[in-house]
Amino acid sequence: MTSDLEAQLRAVSLRVTRPRLAVLATLRDHPHVDTDTVIELVRADLPSVSHQAVYDVLRALTDTGLIRRIQPAGATARYETRVRDNHHHVVCRGCGTIADVDCAVGHAPCLTASDDHGFVVEEAEVVYWGTCPDCVTKRSEEGS
């Protein structure tokens, strides 16, 4: 797996470093985590990595398109490695869990705006809000 991550870094002209590999592996294994969680998980493998190093890696990976930064309204920024496709997110109002949702119909239908006002639409962000199964169960147990 590390060779895949190394190849991804080289493909966007980034040097292969242990912090970059650790952040990519963390996000591959733990999608939709925030910066503090990335730092915690990376430090499990690289205890000496600094906060600033992780912030710098996240910025470089985002700038090169290897990862995507998402920030649903009222939530902290989260990161994922699923990029360059047309997918959206569902967010739990109770616990903040985020999951990927594939585009519902056809090839990128959200990119065909009813009125684009002359814009060349390249991407659409759709966020579905609701309650995850764990929070639904917890609520029904509390109500019993």
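Residues numbered from 1 in each chain as written. Predicted model: local features only at pLDDT ≥ 70, side-chain atom pairs only at ≥ 80, totals over all residues. Heavy atoms only, no water.

**Focus on the pattern of salt bridges**
Then comes step 1: In the structure shown here, the tally under the stated rule is seven salt bridges.
Then comes step 2: For Glu 80, the salt bridge identified is with Arg 68, shortest N-O distance 3.5 Å. Of this pair, Glu 80 sits in strand S3 (residues 78-80) while Arg 68 is found in strand S2 (residues 68-70), placing the two residues twelve residues apart along the sequence.
Then comes step 3: Accessibility expressed as a relative area gives 14% for Arg 68, which makes it buried.
Then comes step 4: Three or more residues joined by partner-sharing salt bridges are found here, namely Arg 82, Asp 85, Asp 100 and Asp 102. (Salt bridge = Lys/Arg side-chain N within 4 Å of Asp/Glu carboxyl O. Helix = DSSP H or I, 4+ residues; strand = E, 2+ residues; numbered from the N terminus. Buried < 20%, exposed > 50% of the residue type's maximum accessible area, 1.4 Å probe, protein only.)

**Things to note about the sheet that holds strand S6 (residues 127-130)**
Then comes step 1: Ordered by their spatial adjacency, three strands build an open sheet running S5-S4-S6, and the pairing between neighbours is mixed. One side of each edge strand has no neighbouring strand; the edge strands of this open sheet are strand S5 (98-102) and S6. Between one strand axis and the next, the sheet turns by 30 degrees as a mean value, whatever way the strands run.
Then comes step 2: Across five bridges, the pairing between strand S4 (residues 87-92) and S5 is antiparallel. Bridging across to S5, His 87 finds its partner in Asp 102. (Pairing = 2+ DSSP bridges. Axes fitted to C-alpha atoms, helices over the stretch in contact; angles between N-to-C directions.)

**A look at helix H3 (residues 35-45)**
Then comes step 1: When we look at burial in H3, the residues that qualify are Thr 35, Val 38, Ile 39 and Val 42. Viewed end-on, H3 has its buried residues packed into an arc of 100 degrees, placing them on one side of the element. Exposed residues lying more than 90 degrees from the buried face of H3 are Asp 36, Glu 40 and Ala 44.
Then comes step 2: Turning to H3, the residues buried within the fold contact helix H2 (18-29), strand S1 (33-34), helix H4 (51-63) and S3. (Arc of directions from axis to C-beta. Contact = heavy atoms within 4.5 Å.)

**Topic: the packing of H2 against H4**
Then comes step 1: Running from amino to carboxyl end, H2 crosses H4 at an angle of 70 degrees, the nearest separation of the two axes being 10 Å. In terms of axis orientation, H2 runs roughly perpendicular to H4. Along the contact surface, H2 presents Pro 19, Arg 20, Val 23, Leu 24 and Leu 27, while H4 presents Val 54, Val 57, Leu 58 and Leu 61.
Then comes step 2: A per-class count over the contact of H2 with H4 returns eight nonpolar, no polar and one charged. (Parallel < 35°, antiparallel > 145°, perpendicular 65-115°, else oblique. Nonpolar A, V, L, I, M, F, W, Y, C, P; charged D, E, K, R; others polar.)

**A look at the sheet that holds S3**
Then comes step 1: One open sheet accounts for three strands, arranged S1-S3-S2; its pairing is antiparallel. Unpaired on one side and paired on the other, S1 and S2 mark the two borders of the sheet.
Then comes step 2: Here S2 runs beside S3; their pairing, made up of three bridges, is antiparallel. Residue pairing in the sheet places Arg 69 in a bridge with Tyr 79 of S3.

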